[in-house]
Amino acid sequence: MIQIINHLSAYCTMMFNTNLKTLSLPETGTQFNIGKLVRGMVALSALILINTDSHAQSCHESGPEVHGMPPIGVMAGHTHEKGHVMFSYRSMIMSMKGLSQSGTNVPTPTVLEDYMMAPTTMNMTMHMLGAMWAPHSRLTIGVMGNYSSIKMDMTTLVHHHGEGSHDHSATNYGSSTMENSGFSDTRLMGLVRINKHQTHCLHLIEGIQLPTGSINSSFAGSVLPYAMQMGGGSFSLLSGINYSLIKRKYLVGVQTLSYVPLHKNFRGYKAPIKVETSCWASLKLTRFVSTSVRLQSIYTSKIVGEDIEINSMMSPMSQPSSTQHYLMNAHIGLNVKPSMRWRMAIEAGLPLIQHNYRVAMNQQWGGVLGLQYILP
Ligand SMILES: [Cu+2]
């Protein structure tokens, strides 16, 4: 048991540190602190775990208890028993505000020296519908479709051309809003159970993301920036690994999931590569209620190539390199299982660390509300 925890702790620390090293953050002190933070969190869970005696529990979604499931913000984090079907609905909200680069805020007037517009706030809502089915005791198949709405407010430059001279000191600011909504990319996944143990569960995640989201939406006659398009425009390979350990009232887990676009899309660019790692711990309060904490690390690469119809001087978000960033979020969650078939859960998070490689928007907070229904 202690060995498993040590491995889990080392793995988490390695994942977070590796992500940061590849990003070569200028603030070297940060790396050290994250390692400590993750180790501390896992060690705390470990302490709790070794102080409880073993009891028959399952980290697969099977029983009437709330326990065994990862926080609702984790996708593909559990498998099913043979023959089980599950339907899920998640509603996700994400809020962004202001701009920064390398951890330093970039004020609007500075942005407007180089661009015509500076984003101020951006809000995204996503409705996610999913279905899971286990045709075999070792294999669970999942499909997930999304519908998103994005709204972005911007400050724009309004020139007042005086008589004769072009006087920039007389520059005024205006505001404008861009909106987009529609179906985004669809995920097809196979979850392969590596072991059949009931208290420590390991599964691989392999899948493909289908380019069902539009990548040529425009607003008021101009093609919207990359982050406001609904999809990535290409088939992406999805791969990951998920491990969870359950012990009486406690559950700890770790997951790494990567999205790698396989080709350039028809607009001439390749969507960013995304690597997401989460470590979580959950505590069962009663048979039907549990709480969770989760650390999530996300690295998103820059876009390769460009859409020549996007005016790169429009705003910082029109630059293909603006998608490159590193983000670490801390989440807390609540799970309720009022009946054998239903599970309701909520999770909300704030960023602990964010590093935009180019001028880009700051994450403010995010939340997920989910419902799951299981057919035995
Ligand atoms: Cu499921």
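Each residue is numbered by its place in its chain's sequence as written, counting from 1. Restriction of local features to residues with pLDDT of at least 70 applies here, the model being predicted, together with a cutoff of 80 or more for giving and counting side-chain atom pairs; totals for whole chains, interfaces and linings are based on all residues.

1. Some remarks on the overall build of the protein
Stated precisely, the cut-off is as follows: Secondary structure follows DSSP: runs of H or I at least 4 residues long count as helices, runs of E at least 2 residues long count as strands, and numbering of each begins at the N terminus. Exposure classification rests on a simple neighbour count of other C-beta atoms within 10 Å of a residue's own: a residue reaching 20 or more is buried, one at 12 or fewer is exposed, and one in between is partly exposed. C-beta atoms are placed from the backbone. A pair of residues counts as a contact when their C-beta atoms, built from backbone coordinates, are separated by no more than 7 Å.
The helix and strand tally for the protein stands at three helices and 18 strands. Burial analysis of the protein (376 residues in total) assigns 41% to the buried set. Contacts in the protein between residues far apart in sequence, at least 24 positions, make up 68% of those at least 6 positions apart.

2. Remarks on the nonpolar core
The test is simple: Remark: nonpolar core denotes a set of buried Ala, Val, Leu, Ile, Met, Phe, Trp, Tyr and Cys residues whose joining runs through C-beta atoms within 7 Å.
Formed by 24 residues in total, the largest nonpolar core has its most connected members in Leu-99, Ala-118, Met-152 and Met-228. For this core, the secondary structure elements donating two or more residues are strand 1 (85-101), strand 3 (117-136), strand 4 (139-158) and strand 18 (360-375). What Ala-118 contacts, discounting residues up to four positions off in sequence, is Leu-99, Thr-108, Val-111, Leu-112, Met-154, Thr-155 and Ser-315.

3. Concerning unusual backbone geometry
What is expected of a backbone is that most residues other than glycine have negative phi and most peptide bonds are trans. Within the chain, Ala-76 stands out as a residue other than glycine whose phi angle is a positive 55 degrees. With 25 C-beta atoms counted inside 10 Å, the residue Ala-76 sits in the buried group. In this structure, Ser-102 takes a positive phi of about 50 degrees despite not being glycine. For Ser-102, the location among the structural elements is in the loop between strand 1 and strand 2 (104-105).

4. Brief notes about the confidence of the model for the protein
Spelled out, the test is: Known as pLDDT, the predictor's confidence for each residue is given on a scale from 0 to 100.
Averaged over all residues, the pLDDT of the protein equals 85, while 80% of them reach at least 70. Of the regions scoring below 50 in pLDDT, residues 47-56 engages in 15 contacts with residues more than four places distant in sequence or in other chains.

5. Considering the pairing of strand 17 (residues 342-356)
Using the following cut-off: Two strands qualify as a pair provided that DSSP identifies no fewer than 2 bridges between them.
Relative to strand 17, strand 16 (residues 325-336) runs antiparallel, the two being bridged by 12 bridges. Bridge assignment links Gly-333 to a residue of strand 17, and that residue is Glu-347. Between the end of strand 16 and the start of strand 17, which pair antiparallel, lie five residues. In this sheet, strand 18 lies alongside strand 17 in antiparallel orientation, the contact comprising eight bridges. Its bridge partner being in strand 18, Glu-347 is matched across the sheet by Val-368. The antiparallel pairing of strand 17 with strand 18 creates a hairpin that spans three residues between the two strands.

6. A look at the environment of Ala-76
Considering the arrangement of structural elements, one finds Ala-76 in the loop between helix 2 (28-50) and strand 1. Once the C-alpha coordinates of Ala-76 and Ile-141 are considered, the two residues, 65 residues apart in sequence, prove to be 9.6 Å apart. Excluding its chain neighbours within four sequence positions, the residues that come into contact with Ala-76 are Gly-142, Met-189, Leu-191, Ile-205 and Asn-242.

7. So, the pairing of strand 4
For a regular strand, the rule is simple: side chains alternate between the two faces of the sheet. Where strand 3 lies against strand 4, 17 bridges are found, and the strand directions are antiparallel. The residue bridging His-127 from the neighbouring strand is Tyr-147, located in strand 4. Where strand 3 folds back onto strand 4 in an antiparallel hairpin, the turn is made up of two residues. Taken together, the six bridges between strand 4 and strand 6 (residues 186-193) define a ladder with antiparallel strand orientation. Within strand 6, the position partnered with Gly-142 by the bridge is Met-189. Both strand 4 and strand 5 (residues 172-183) contribute to a ladder of 12 bridges, which runs antiparallel.

8. Concerning the environment of His-127
Residue placement: His-127 occurs in strand 3. Residue classification places His-127 among the partly exposed positions, given that 15 C-beta atoms sit within 10 Å. Linking His-127 and Val-368, residues 241 residues apart in sequence, is a C-alpha distance of 9.8 Å. With sequence-adjacent residues up to four places away left out, His-127 is seen in contact with Ser-91, Asn-146 and Tyr-147.

9. Considering the environment of Ser-236
Relative to the elements of secondary structure, Ser-236 occurs in strand 10 (residues 236-247). When the C-alpha positions of Ser-236 and Leu-210 are compared, they lie 6.9 Å apart, and in sequence the two are 26 residues distant. Ser-236 has contacts with Ile-208, Gln-209, Tyr-259, Val-260, Pro-261 and Leu-262, leaving out every residue within four places of it along the chain.

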